[in-house]
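Here's the letter readout for the chains.
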Amino acid sequence: SERRSSAPALDLGLFRSAEFGALLGVLFVVFFAIGIYFFFIAIYLQRALHMSALLAAAGLIPVTLFTILLSARIGRAGDRTSHHALVVAGLLAFTGGLLLTIPGTRDLTYVALLPAIVALGVGLALLRAPLLSLVNMAVPDRQAGTRNASAELIGRLGGVIGVAIGVTIFLSVATADLNAKLPAAGIEYHFTASKLRSMWDHPVPVEQKYHALPILIRELVRSIVKDTATDALATTMYVCAALVGGVGLILIGLAARRSRQPRGSSASSEFG
């Protein structure tokens, strides 16, 4: 529709720039991972660690806190050194946080998860201002509105699509894992497949039915479900880490290679 319009709201010529497209790609994969991470960690803190919704939200404050405290300083550091180098450092720190999440969730304590949360906060702080400055420098100021709106849209789409794909990956891995482990443990002799599926989909209401099982079978089911959930979460985090640490680094390398002299202001937008 925009291609056929005589006065398009979105100038698709922007996307002919390999640098601009690569930078939007970095934004997409980062927010793809952010969407997945916050979705699953919020559930983990409440379901596995039995935190209230308010306490779970408070437990994730360090991510925002590091971004607020460090972004301005990092933006100024990028003006003096290299925005691309800071984005690379941010992608590496963010990837490290995703990978640290895997052992952190297996320990079933908030303290074990805290290093991952801190690494993610530092990674986002390193990424945010330099990446947005690079987006601003890649497009002339006369197209500032379209430039910033495109970055905003790509970030939001990344988060939404990340949640959708992350849930699909999680459930696919969990279902395959349960289908393999439960028959091997002989659970089907005590608990039908439909009840197990109900227990997985609605863990709280099924507690009463679950407690009707013999205690040994009950503990075995609990162990299998816990291991299955942590395995599925680990797989999801590995996918995120591969996108951020692999695809993200390739794209920022492409942007650095295609970079040109900045035109207009490099001030960061309000995106985020």
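The shown structure was predicted, so the numbers you read here are calculated from the model rather than taken from an experiment.

**Details of the pattern of salt bridges**
Here comes step 1: Under the counting rule described, the total for this entry stands at four salt bridges.
Here comes step 2: The residue Asp231 makes a salt bridge to Arg106 at a minimum N-O spacing of 3.3 Å. Taken together, the positions of Asp231 in helix H9 (residues 215-258) and Arg106 in helix H4 (residues 83-106) put the pair 125 residues apart, joining distant regions of the chain.
Here comes step 3: With relative accessibility at 41%, the residue Arg106 sits in the partly exposed group.
Here comes step 4: For Glu152, the salt bridge goes to Arg156, with nearest N and O atoms at 2.9 Å. One end of the pair is Glu152 and the other is Arg156, both in helix H6 (residues 144-185) and four residues apart, which spans about a single turn.
Here comes step 5: By relative accessible area, Glu152 is classed as partly exposed at 29%.
Here comes step 6: Linked by salt bridges that have partners in common, Arg106, Asp177, Lys181 and Asp231 make up one network.

**A few points about a nonpolar patch on the surface**
Here comes step 1: There is a patch of nonpolar side chains on the surface, built from Ile61, Leu65, Ile68 and Leu69 and spanning about 400 Å² of accessible area.
Here comes step 2: Take Ile68: it is sitting in helix H3 (residues 61-80).
Here comes step 3: Residue Ile68 is classed as exposed on the basis of its relative accessible area, which comes to 60%.

**As for the nonpolar core**
As a rule of thumb, soluble globular proteins bury nonpolar side chains together.
Here comes step 1: If you look at the biggest cluster of nonpolar residues, it comprises 54 residues, and the most contacted ones within it are Val30, Tyr37, Leu45 and Leu98.
Here comes step 2: Listed by contribution, the elements that provide at least two residues to this core are helix H1 (18-47), H4, helix H5 (110-138), H6 and H9.
Here comes step 3: If sequence neighbours within four positions are ignored, Leu45 has contacts with His50, Met51, Ala56, Leu60, Tyr110 and Leu113.
Here comes step 4: Judged by nonpolar contacts, the second largest core, of six residues, contains Ile74, Ala77, Leu86 and Ala93.

**Examining the packing of aromatic side chains**
Here comes step 1: Enumeration over the complete set of coordinates arrives at four aromatic pairs.
Here comes step 2: Ring pairs connect the aromatic residues Phe39, Phe40 and Phe170, which therefore count as one cluster.

**Some remarks on the side chain of Thr236**
Here comes step 1: If you trace the backbone, Thr236 turns up in helix H9.
Here comes step 2: Taking the relative accessible area as the measure of exposure, Thr236 reaches 1% and is therefore buried.
Here comes step 3: A distance of 2.9 Å separates a polar side-chain atom of Thr236 from the backbone oxygen of Ala232.
Here comes step 4: Among all residues touching Thr236, those that are not within four sequence positions of it are Ile36, Phe40, Gly166, Ile169 and Phe170.

The rules behind each value
- Residues numbered from 1 in each chain as written.
- Predicted model: local features only at pLDDT ≥ 70, side-chain atom pairs only at ≥ 80, totals over all residues.
- Heavy atoms only, no water.
- Salt bridge = Lys/Arg side-chain N within 4 Å of Asp/Glu carboxyl O.
- Helix = DSSP H or I, 4+ residues; strand = E, 2+ residues; numbered from the N terminus.
- Buried < 20%, exposed > 50% of the residue type's maximum accessible area, 1.4 Å probe, protein only.
- Patch = residues over 30% accessible without salt bridge, like charges linked within 9 Å, V, L, I, M, F, W, Y side chains within 5 Å.
- Areas by Shrake-Rupley, 256 points an atom, 1.4 Å probe, with all protein chains shown as cover.
- Core = buried A, V, L, I, M, F, W, Y, C linked by side-chain atoms within 4.5 Å.
- Contact = heavy atoms within 4.5 Å.
- Phe/Tyr/Trp six-rings, centres within 6.5 Å; stacked < 30°, edge-to-face > 60°.
- Polar contact = N/O pair within 3.5 Å; in protein donor to acceptor, adjacent residues only side chain to side chain.

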